[in-house]
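Inside the fold
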Amino acid sequence: MEFDVVVVGAGLSGSVAAREFAERGKRVLVVERHRHVAGHCHDYRDDAGITVHTYGPHIFHTVDAEVWRYVRRFSEFSSYQHRVLSYADGNLVPFPINRLTINQVFGLALSSEEVAAFLEAEREASDLPETSANYRDAVVAQVGERLYAMFFRNYTRKQWNREPEELAPELAGRIPVRTNADTRYFVDPYQGLPLHGYTRLVENLLDHPGISLLLGADWFEAKDFHAPLTVFTGELDRFFDYRFGKLEYRSLSLDFRTLDVESFQEASVVNYPNDYEWTRITEFKKLTGERSPKTTILYEYPKAEGEPYYVVPSKTNTEMRERYMVEVKRLEEKGSHLFIGRLAEYKYYNMDQAIKSALSKARSVV
Ligand code: UDP
């Protein structure tokens, strides 16, 4: 059979791209290394009847009305609003830092205006260079050294195995700081979880007569799927045979436990910035609202080797990425390839950003 497009990877990015091409009359072959679709947002119902996220917790959130409309073509969404607690100095406090956090950790009763002044004083009492170009300085410039040390420094060391000084300041953009008492992790106007799971959502994306799906096939081992266009969603450096060197990815050891208790912790996610080896514990029934006499929890231990989950925002990687991106641009302009998603664009995308990139890149060629 002849195909117009070969898509490498059946994750969110690849599946959205495949759908776009199929809906425009193209014959699309999707080749996936794993024996399941949905990539790193794969989920399944476990023996306790609880939907767990195979590769760690995924919460959908976006400010983009078009992306929100798009995903809801393929699944209904719950109205779940993500809330996280952080285990700091022996207490569970709301995170990201907001008025309640500051009042709890410092034993104060500040109003929102007073919190703003408090943070200003914290910053002034901190060691901050004139210009800041790393993650440590970017966080200290928001909350000062004391809160940085309480919530960010050690979590970041665990997560990235780097000193925060070696990481890009943009990373700080992921975690807001609030002077009000909004305890949500995300304040995006559109937020929720797909009611029947991410796997089902991706299956629905791929459910189109123009799409053929090949599971358990590593495209790198058998590249002879020829088509005028290849959409690549795997690791950027591997595609180019590591021509400019190896980009770093961060992986996780994921330890799932089903416990014979109805509830394990107070929130769906608890972060552990300073204590223990894990970064966070997720209790899935509190994400999904499922009921069960048991509960399934997940401990995350960051590690260097293994399935690539994260791109590492260091200077070396960012510079190496730029060199690969020149090659990407060349192939994309030629019209033979598209590179989409967290791994292929080497970008710390959230799910909505990956979808947006897939939609705009696919639409730019059809
Ligand atoms: N972070 C932190 N303390 C926390 C949570 C996050 O220092 O309690 C920092 C850390 O460097 C982390 C980054 O913020 O890697 C991004 O966190 P996010 O929760 O967005 O990570 P993800 O859910 O993508 O793993």
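What comes next concerns the included structure. As the structure is a computational prediction, the values presented were derived from the model and not from experiment.

Quick notes on the rules
Residues numbered from 1 in each chain as written. Predicted model: local features only at pLDDT ≥ 70, side-chain atom pairs only at ≥ 80, totals over all residues. Heavy atoms only, no water. 1 Å grid on protein atoms, 1.4 Å probe; cavity = no way out; pocket = protein on both sides within 12 Å on 5 of 7 lines; lining within 4 Å. Points joined across faces, edges and corners; volume = space filled by probe spheres on them. Axes fitted to C-alpha atoms, helices over the stretch in contact; angles between N-to-C directions. Helix = DSSP H or I, 4+ residues; strand = E, 2+ residues; numbered from the N terminus. Parallel < 35°, antiparallel > 145°, perpendicular 65-115°, else oblique. Left-handed = near helix turned anticlockwise from the far one by under 90°. Contact = heavy atoms within 4.5 Å. Nonpolar A, V, L, I, M, F, W, Y, C, P; charged D, E, K, R; others polar. Buried < 20%, exposed > 50% of the residue type's maximum accessible area, 1.4 Å probe, protein only. Pairing = 2+ DSSP bridges. Right-handed = clockwise from strand over helix to strand, strands pointing away. Polar contact = N/O pair within 3.5 Å; in protein donor to acceptor, adjacent residues only side chain to side chain.

1. Quick notes on the layout of surface pockets
Empty space within the second largest pocket amounts to approximately 400 Å³. Lining the second largest pocket are 15 residues, and of these Ala168, Glu170, Pro313, Lys347 and Tyr348 lie nearest its centre.

2. A few points about the packing of helix α3 (residues 99-106) against helix α4 (residues 112-124)
The angle between the axes and the distance between the axes are what describe a pair of packed helices. The contact between α3 and α4 brings their axes to 10 Å, and the two run at 70 degrees. The angle between α3 and α4 falls in the class roughly perpendicular. α4 is crossed by α3, and the crossing has left-handed handedness. Residues Arg99, Ile102 and Phe106 of α3 touch α4, and the partners they reach there are Ser112, Val115, Phe118 and Leu119. Among the residues forming the contact of α3 with α4, the class breakdown is five nonpolar, one polar and one charged.

3. Quick notes on the pairing of strand β2 (residues 28-31)
The two faces of β2 match: Val28 and Val30 on one face and Leu29 and Val31 on the other face are all buried. Two strands pair when backbone bridges link them, and strand β1 (residues 5-8) and β2 are joined in this way by four bridges, in the parallel orientation. Looking across to β2, one finds that Val7 is bridged to Val30. At this point the chain moves from β1, through helix α1 (residues 12-23), to the parallel β2, and the crossover so formed is right-handed. Where β2 lies against strand β9 (residues 211-214), four bridges are found, and the strand directions are parallel. Within the sheet, the bridge partner assigned to Val28 lies in β9 and is Ile211.

4. Digging into the environment of Thr258
Within the secondary structure, Thr258 sits in strand β11 (residues 249-259). Distance from Thr258 to Ile211, taken between C-alpha atoms, is 37 Å for residues 47 residues apart in sequence. For Thr258, the residues in contact, after removing those within four places along its chain, are Asp46, Ala48, Lys294, Thr295 and Thr296. Among the polar contacts made by the side chain of Thr258, one reaches the side chain of Thr296 at a distance of 3.0 Å.

5. Brief notes about α3
Turning to α3, its buried residues number three or more, namely Thr101, Ile102 and Asn103. The inward-facing, buried residues of α3 abut β7 (91-95), α4 and α5 (135-160). With a side-chain oxygen positioned 2.8 Å from the backbone nitrogen of Leu100, the residue opening α3 is Asn98. A positive backbone phi angle near 60 degrees is found at Gly107, which sits one or two residues after α3.

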